[in-house]
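Each chain is listed here by its residues.
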Amino acid sequence: MAQGWADTEARDLAPTEQAPYCARRRAALSARYPGELLVVPAGNPKVRSNDSDYSFRPTSEYVHLTGDRCEDAALVLEPRAGGGHLAVAYLRPRSDRRNGEFWLDLHGELWDGRRNSLAENRQLLGLVCRDVRTLPAYLEEAAGRVRVLRGHDAGVEAALHGRTDPARDEELRVFLSELRLVKDEFEIAELRLACAATARGFEDVVRATASDAATAERVIEGTFFMRARIEGNDVGYRSICAAGDHATTLHWVRNTGCAEPGDLLLLDAGVETNHFYTADVTRTLPVSGRFTAIQRKVYDAVFAAQEAGIAAVRPGAKFADFHTAAQRTLAEHLVDWGLLGNRSVEEVFTLGLHRRWTLAGTGHMLGLDVHDCALAPTDAYVDGTLEPGMVLTVEPGLYFQPDDLTVPQEYRGTGVRIEDDILVTADGNENMSAGLPRSADEVEAWMAGLRG
Ligand code: GLY
Ligand code: MN
Ligand code: MN
C-alpha cells in the first residue's frame, strides 16, 4: 500500500487573486501591533451530533487575512527583529501513505479528499506555511507579548495558557472588526457576485411559487439554498421565508408554514460566495403576483422610507443618517394613517412611538459576515462617518403583529421589509442589489414576466 503512487505535487502555482489584498490587510495588522505575536485561528469543526460535524466555515478574521479556508488552521504573525512581522499559516499538510496517515479516518486524505501540500499553499497564499501540528509547541515556547483571537480554537488557547490577557485579546478582536469597515476592490467584486447570485435565487423562488396552490416555506428555503450551493458556498445566514403572519416575525427561520395566494411572502436571503462574502437582501412579494390594496399601502410606505434611507448614504454622512431618514418617513406615514391619534410627527418621532411597528434598526455593515464589523468601535461605526468602500444594508420595515389591538384589523398580520446592499462611492452610493425590482409596480411586472 505504501508504494506505487504518482507524484501529484503542483510546482508552479500562481498566487490567488486575493493574495495581494490579504497581504495589505496583514500589513495594517502588523503596523497596529509592532513587536507582538498575533494568533488568528480559522476555528475547528463543530459537532452536530455524535461523529457528524456541521459544515465548516472558517472565521471571518482568518479568511480576511489569508484568503484560506482550511479548518483547524491558524495565521500567526511573528514579530521580526528588524521590525514588522513574518506571516505564517499553520495548516494541516498532506497525509502520508508511507506512515499510514493517509488511510486513517481522522484527517486521512482517503476519507477527506486531497489537500494542498504546504508548498502548494505557500505558492497560492503567498505565506510561509508550516505543519499545524507544530503550532502548540511553537506557541508554548514563543517569548514576548502575545494576542490571540479567542473563542475559536481551544487547543491554541491552551498552548498560550497564562500568557495572554483578556483585555488585550479583546482589543485585537475589535481591531480586526474595524479593519473590515472599508472594503477593497476584491471584496466589492465578491459582494457584486453575491448580489447577482442572490437575485437569481429570488427569481427561482418567484417561479417556484407560481402555482395556485400553497407552497411550503421549506420549499422556498430549499429553492433559494439550491441557488446558493450552485453559485456560491452556502447561504450567508439562515433564510427567512416568512409568509402571511410570519412576515411580522423579524427573524422567522423556522420556515414551517405555507405561502398561499393572497399572502405576502417576506424573503430575506443571501448567497455567500466561495470566498465567503454574503449578500443580505429582502423582498416582500405578493404570492399571487398582485398586491392587495392594504398590502400596497404598507409596501409603498416602506418603499418611500427605503428611498429616503438610500438617498442619505453618501461619503461624509453619519452612519446614523440613513436610519433617521427612513424612520422619519415611516413615522410620517403612520401619523398620516391615523394610527397615532392626533400626535404630530415631531412628537411621535421624539417619543419613539413609531417603533412599535418599525421594530428594528434600519441597517448594518455587510461583508464576510452578514452583520459585518459588529465589534468595530462605536466612534468608527455606529457614531461614525461613511467613507467610500463601506457597504451597508438599508432595510426599513413595518410589522403589524396579528394580535395588535391598537391597529385596525386590516393591518394585522402584515409585515413588509425591503432590504438592499448599498456601496458608498466617491460621490454618493451604488445599490449593489438593484438587479431586483423594488417599487410595487416593478415587483408585480417582474413577477409576471418570470411566471409568463
Ligand atoms: N438577514 C438579517 C438582517 O437583515 O439583518
Ligand atoms: Mn440585514
Ligand atoms: Mn436581511
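Residues numbered from 1 in each chain as written. Chains lettered and ligands numbered in written order. Predicted model: local features only at pLDDT ≥ 70, side-chain atom pairs only at ≥ 80, totals over all residues. Heavy atoms only, no water.

### Quick word on the overall build of the chain
The condition that has to hold: In this description a helix means any DSSP run of H or I spanning at least four residues, a strand means any run of E spanning at least two, and both kinds are numbered starting from the N terminus. The globule rule is 2.2 Å times the number of residues to the power 0.38, and the radius of gyration it is compared with is taken over C-alpha atoms. Exposure classes here rest on a 1.4 Å probe applied to the protein chains alone. A residue is buried below 20% of its type maximum, exposed above 50%, and partly exposed in between. Should any heavy atoms of two residues lie within 4.5 Å, those residues are considered in contact. Working definition of accessibility: Shrake-Rupley area with a 1.4 Å probe, residue cover restricted to the visible protein chains. This count recognises Lys and Arg as positive and Asp and Glu as negative, with His and chain-terminal groups excluded. Note that the charge is assigned to NZ on lysines, CZ on arginines, CG on aspartates and CD on glutamates.
Of the regular secondary structure elements, the chain holds 14 helices and 19 strands. Expected size for 452 residues packed as a compact globule is a radius of gyration near 22 Å; at 25 Å, the chain falls within 12% of this value. Dimensions of the chain along its principal axes, counting C-alpha atoms only, are 75 × 50 × 40 Å. Relative to its full complement of 452 residues, the chain shows a buried share of 52%. The long-range fraction of contacts in the chain, counting pairs at least 24 apart against all pairs at least 6 apart in sequence, stands at 68%. Per element, the accessible surface of the chain, about 20,000 Å² overall, is 52% carbon and sulfur. Here the chain contributes 49 positively and 69 negatively charged side chains, and the mean placements of these two sets differ by 2 Å.

### Concerning the coordination of the manganese ion (ligand 2)
Using the following cut-off: Here a donor is any nitrogen, oxygen or sulfur atom (N, O, S) within 2.8 Å of the metal, with 3.2 Å used for Na, K and Ca; water is not among the atoms considered, so some sites may look incomplete. Labels for metal geometry use angle windows, namely 85 to 135 degrees for all angles of a four-donor tetrahedral site, and for square planar (four donors) or octahedral (six donors) sites opposite donors over 155 degrees apart plus all others within 65 to 115; sites meeting none of these are irregular.
Within the first shell, the manganese ion (ligand 2) binds the protein through Asp280 (OD), His364 (NE2), Glu395 (OE) and Glu419 (OE), at distances of 2.0 to 2.2 Å. One way to put it: the six donor atoms around the manganese ion (ligand 2) meet at angles of 51 to 157°, and that makes the site irregular. Here the manganese ion (ligand 2) and the manganese ion (ligand 3) are spaced 3.3 Å apart, linked through Asp280, which binds each one. Highlighted residues: Asp280 in the loop between β13 (271–272) and β14 (281–286) and Glu395 in the loop between β15 (391–394) and β16 (397–400), separated in sequence by 115 residues.

### Re the sheet that holds β15
Applied cut-off: DSSP calls a pair of strands paired once it identifies at least 2 bridges connecting them. Angles shown run from 0 to 180 degrees and are taken between the N-to-C directions of axes, each axis being a line fitted to C-alpha atoms and, for helices, limited to the stretch in contact.
Ordered in space as β15-β18-β19, the three strands form an open sheet in which the pairing is antiparallel. Unpaired on one side and paired on the other, β15 and β19 (429–431) mark the two borders of the sheet. Put simply, the sheet's adjacent strands are angled 35° from each other on average, direction ignored. Pairing geometry for β15 and strand β18 (residues 420–424), over four bridges, is antiparallel.

### Some remarks on the coordination of the manganese ion (ligand 3)
Put simply, a metal with four donors set out as a tetrahedron has ideal angles of 109.5 degrees, and one with six donors set out as an octahedron has ideal angles of 90 or 180 degrees. Within the protein, the atoms that donate to the manganese ion (ligand 3) are Asp268 (OD), Asp268 (OD), Asp280 (OD) and Glu419 (OE), at distances of 2.1 to 2.3 Å. Taken together, the six donor atoms surrounding the manganese ion (ligand 3) define angles of 58 to 171° at the centre, an arrangement classified as irregular.

### A word on the nonpolar core
To keep things clear, this is the line we draw: By nonpolar core is meant a set of buried Ala, Val, Leu, Ile, Met, Phe, Trp, Tyr and Cys residues that side-chain atoms within 4.5 Å join together.
Trp337, Leu398 and Phe400 are the most contacted members of the largest nonpolar core, which totals 67 residues. No other element matches the ten residues that helix α8 (residues 185–208) contributes to this core. Excluding its chain neighbours within four sequence positions, the residues that come into contact with Leu398 are Val298, Ala301, Val302, Leu330, Leu334, Trp337, Trp357, Thr358, Thr414, Gly415 and Val416. Membership of the second largest hydrophobic core comes to 22 residues, among which are Tyr62, Leu75, Leu118 and Leu179.

### Remarks on the pattern of salt bridges
Pairing is possible between side chains that carry opposite charge, provided their charged atoms lie close to one another. Selection criterion: A side-chain nitrogen of Lys or Arg and a carboxyl oxygen of Asp or Glu constitute a salt bridge if their distance falls within 4 Å.
Going through the model one piece at a time under the given rule, you end up with 35 salt bridges. One continuous salt-bridge network, built from bridges that share partners, spans Arg200, Glu203, Asp204, Arg207, Arg227 and Glu231.

### Re the environment of Ser211
Test applied: N or O atoms within 3.5 Å of each other form a polar contact, as long as, within protein, one can give a hydrogen and the other can take it, and as long as residues adjacent in sequence are counted only when both atoms are side-chain atoms.
Along the chain, the position of Ser211 falls in the loop between α8 and β8 (215–216). In this structure the C-alpha to C-alpha distance between Ser211 and Met365, which are 154 residues apart in sequence, comes to 36 Å. Looking at Ser211, its side chain comes within polar contact range of the main-chain nitrogen of Ala213, at 2.8 Å.

### Quick look at the side chain of Gln306
Take Gln306: it is sitting in helix α10 (residues 293–311). Looking at Gln306, the relative accessible area reads 0%, which means it is buried. In this structure Gln306 touches Val394, Pro396, Ile418, Glu419, Asp420 and Arg438, once residues within four positions along its chain are discounted.

### Re the packing of aromatic side chains
Aromatic ring pairs are described here by two measures, namely the spacing of the ring centres and the angle between the planes. We apply this condition: Ring pairs shown here join Phe, Tyr and Trp side chains whose ring centres sit within 6.5 Å, with only the six-membered ring taken for Trp; geometry is labelled stacked below 30 degrees between planes, edge-to-face above 60, and tilted in between. Cation placement over rings: the criterion is NZ of Lys or CZ of Arg within 6 Å of the ring centroid and within 35° of the ring normal.
One pass over the structure, following the stated rule, counts twelve aromatic pairs. Ring centres 4.8 Å apart and planes at 80° place the aromatic pair Phe102 and Trp103 in the edge-to-face group. Relative to Tyr299, the ring of Phe291 lies with its centre 4.8 Å away and its plane at 50°, an arrangement referred to as tilted. Across the pair, Tyr299 and Phe291 agree in class, each one buried. The structure contains a cluster of three or more aromatic residues connected by ring pairs, namely Trp337, Trp357, Phe400 and Tyr411. Over the face of the ring belonging to Tyr21 we find Arg24, whose NZ or CZ atom lies 5.0 Å from the ring centre. In this structure, Arg97 packs its charged tip against the face of Trp5, placed 4.1 Å from the ring centre.

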